[in-house]
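Listed below are the residues making up each chain.
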Amino acid sequence: MRSVSSAGPIVPRSSSDPVPTPSPSCPSQTQTPCRASEATIPGPVKPQSDDIAAPLFPRGLTWVNTAPLRMDKQIRRTVLIDFWDFCRPSSVRTLPYLQAWHERYEQHGLRVISVHAPGYPPGADEEAVAAAVARLGLTHPVMLDTQHELWMEYGNQGWPARY
């Protein structure tokens, strides 16, 4: 028999696991384990959309396919930020989907912005990134974050990543 925890991977349950006992903070569950999704959490679970603020774009970064954009000017738009690196196959494989979303939903207010944050030295070359953007057929805005300034603002930890 297997048990599922929302906080981690599926793990086998053995007969040596402690006998579950009721937990006052999570009455529908037991003390081992209490899933956070079923715990009583004070206050609103989902923040209001007015409370969500994306970090501003650092000034002075290079942009491909557009003039420099400002996050504070993206009022009333849904913005999808995609961190990628053309040296990473997992990033490159997702780009056709992002491009399709851009083409399909831009007229409905979606702004797709790809942030090229290099993980290897070739990715820091602005000309190589511009050539990769052209070769990959990307027409949505692409920011070059060679010093990982925006990457750190988002607390990003890998490629590809979307916010």
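Source: prediction; values computed, not measured.

Peer 1: Can you help me understand the sheet that holds strand β5 (residues 62-64) in this one?
Peer 2: Either a parallel or an antiparallel arrangement is found when strands of a sheet pair, and the pairing is made through backbone hydrogen bonds. The strand order β5-β8-β7-β6-β9 describes an open sheet built from five strands, whose pairing is mixed. Looking at which strands have only one partner, the edges of the open sheet turn out to be β5 and β9 (161-162). Pairing analysis gives three bridges linking β5 to strand β8 (residues 142-144), with the strands arranged antiparallel. Within β8, the residue paired with Trp63 across the bridge is Met143. Sitting on the sheet, helix α2 (residues 126-135) touches β5, β6 (78-84), β7 (110-116) and β8, and the angle it makes with β8 is about 165°.

Peer 1: For this particular structure, what's the right way to read helix α1 (residues 89-105)?
Peer 2: Note: α-helices contain 3.6 residues per turn, so residues at a spacing of three or four share the same orientation. Look at α1: 25 Å from first C-alpha to last across 17 residues, which is about the 24 Å you get at 1.5 Å a residue. Taken as a whole, α1 carries its principal kink of about 30° at Leu95; the proline Pro96 stands between one and four residues after it. Among all positions in α1, only Ser91, Thr94, Leu95, Leu98, Gln99 and His102 are buried. In this structure, the buried residues of α1 make contact with β6, β7 and β9.

Peer 1: Is there a simple way to think about the environment of Arg88 in this case?
Peer 2: Looking at the element boundaries, Arg88 is found in the loop between β6 and α1. Measuring from C-alpha to C-alpha, the distance between Arg88 and Tyr120 comes to 9.0 Å, with 32 residues separating the pair along the chain. In this view, Arg88 contacts Gly119, Tyr120 and Trp159; residues no more than four positions away in its chain are not counted.

Peer 1: Help me out: how do you make sense of the nonpolar core in this one?
Peer 2: One broad trend across soluble globular proteins is that nonpolar side chains are buried collectively. Judged by nonpolar contacts, the single largest core of 16 residues is most densely connected at Phe57, Ile81, Phe83, Ile113, Met143 and Leu150. Elements that contribute at least two residues to this core include exactly β6, β7 and α3 (149-154). Core analysis: the second largest hydrophobic core is formed by 14 residues, Val64, Leu80, Val112 and Ala132 among them.

Peer 1: How should the side chain of His116 be read in this particular structure?
Peer 2: Within the secondary structure, His116 sits in strand β7. Since its relative accessible area comes to 0%, His116 is described here as buried. One polar contact links the side chain of His116 to the main-chain amide nitrogen of Phe86, over a distance of 3.1 Å.

What counts as what
Residues numbered from 1 in each chain as written. Predicted model: local features only at pLDDT ≥ 70, side-chain atom pairs only at ≥ 80, totals over all residues. Heavy atoms only, no water. Pairing = 2+ DSSP bridges. Helix = DSSP H or I, 4+ residues; strand = E, 2+ residues; numbered from the N terminus. Contact = heavy atoms within 4.5 Å. Axes fitted to C-alpha atoms, helices over the stretch in contact; angles between N-to-C directions. Expected span 1.5 Å × (residues − 1). Bend = angle between axes of the 7 residues up to and from the residue. Buried < 20%, exposed > 50% of the residue type's maximum accessible area, 1.4 Å probe, protein only. Core = buried A, V, L, I, M, F, W, Y, C linked by side-chain atoms within 4.5 Å. Polar contact = N/O pair within 3.5 Å; in protein donor to acceptor, adjacent residues only side chain to side chain.

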